[in-house]
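Topology and contacts: notes
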Amino acid sequence: MDRSKKLSDTEYEIMEVLWASDSPMSAAQLSAYFVQHHNKEWKASTLATFLSRLTQKGLITSEREGRVPFYHPIKSRKAYEQDGAQGILDTLYDGSIKNFFAALYGGTQMSEADRNSLRDWLDNQ
């Protein structure tokens, strides 16, 4: 994943709330949620900065209702995680799943159960 698309911890927290929401949320609603559930109180300008960054990273968009923008994700959690996993695979393992598994097991023997589970998963792809 492109470094410019990597999320900070706070950006990820905001995305988790937006991904879990059934409807778009205003900055005021997000702010109230974080005060109530995470005991985090941000200035309006701080939250606006996070929302602007998430918009620039192509993860959210907003639609105005009157003068109030409501934010919603345009990239799903699954798509974001897949992009991140592919980025790690490409960057660290030359895009090779074989190289990834070799590094993961570090020369130790993979159990028969793990081999069977992996084989079953691959057969269903």
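The shown structure was predicted, so the numbers you read here are calculated from the model rather than taken from an experiment.

1. Digging into helix 3 (residues 44-56)
Taking 1.5 Å per residue as the helical rise, helix 3 with its 13 residues ought to reach 18 Å, and the 18 Å between its terminal C-alpha atoms agrees with that figure. Along helix 3, the positions that sit buried rather than exposed are Leu47, Phe50, Leu51 and Leu54. Relative to the axis of helix 3, the buried residues are bounded by an arc of 95° and lie together on one face. Buried residues in helix 3 make contact with helix 1 (9-20), helix 2 (27-38), strand 2 (60-65) and strand 3 (68-73).

2. Here we look at the pattern of salt bridges
Evaluation of the coordinates by the stated rule reveals five salt bridges. Where Glu16 meets Arg77, a salt bridge forms, and the shortest distance between an N and an O atom there is 3.9 Å. Here Arg77 lies in helix 4 (residues 77-93) and Glu16 lies in helix 1, a separation of 61 residues in the sequence. Given a relative accessible area of 33%, Glu16 falls into the partly exposed group.

3. Observations concerning the confidence of the model for the protein
Note that predicted coordinates carrying low pLDDT should not be read in detail. Of all residues in the protein, 97% have pLDDT values of 70 or greater, and the mean over the chain is 91. Per-element averaging of pLDDT across the protein places helix 5 (residues 97-105) at the bottom with 84 and strand 1 (residues 25-26) at the top with 98.

4. Some remarks on the packing of aromatic side chains
Tallying each qualifying case throughout the model produces eight aromatic pairs. Where Tyr12 meets Tyr80, the ring centres are 6.3 Å apart and the plane angle is 45°; that geometry is what we call tilted. Here the residue Tyr12 occupies a position in helix 1, and Tyr80 occupies one in helix 4, the gap between them amounting to 68 residues. Summarising the aromatic geometry, the rings of Phe34 and Trp42 are spaced 4.7 Å apart at their centres and angled 45° between planes, so their arrangement reads as tilted. Trp42 matches Phe34 in its accessibility class, with the two residues each being buried. Through a chain of ring-to-ring contacts, three or more aromatic side chains come together here, namely Tyr33, Phe34, Trp42 and Phe50.

Parameters and conventions
- Residues numbered from 1 in each chain as written.
- Predicted model: local features only at pLDDT ≥ 70, side-chain atom pairs only at ≥ 80, totals over all residues.
- Heavy atoms only, no water.
- Helix = DSSP H or I, 4+ residues; strand = E, 2+ residues; numbered from the N terminus.
- Expected span 1.5 Å × (residues − 1).
- Buried < 20%, exposed > 50% of the residue type's maximum accessible area, 1.4 Å probe, protein only.
- Arc of directions from axis to C-beta.
- Contact = heavy atoms within 4.5 Å.
- Salt bridge = Lys/Arg side-chain N within 4 Å of Asp/Glu carboxyl O.
- pLDDT = per-residue confidence, 0-100.
- Phe/Tyr/Trp six-rings, centres within 6.5 Å; stacked < 30°, edge-to-face > 60°.

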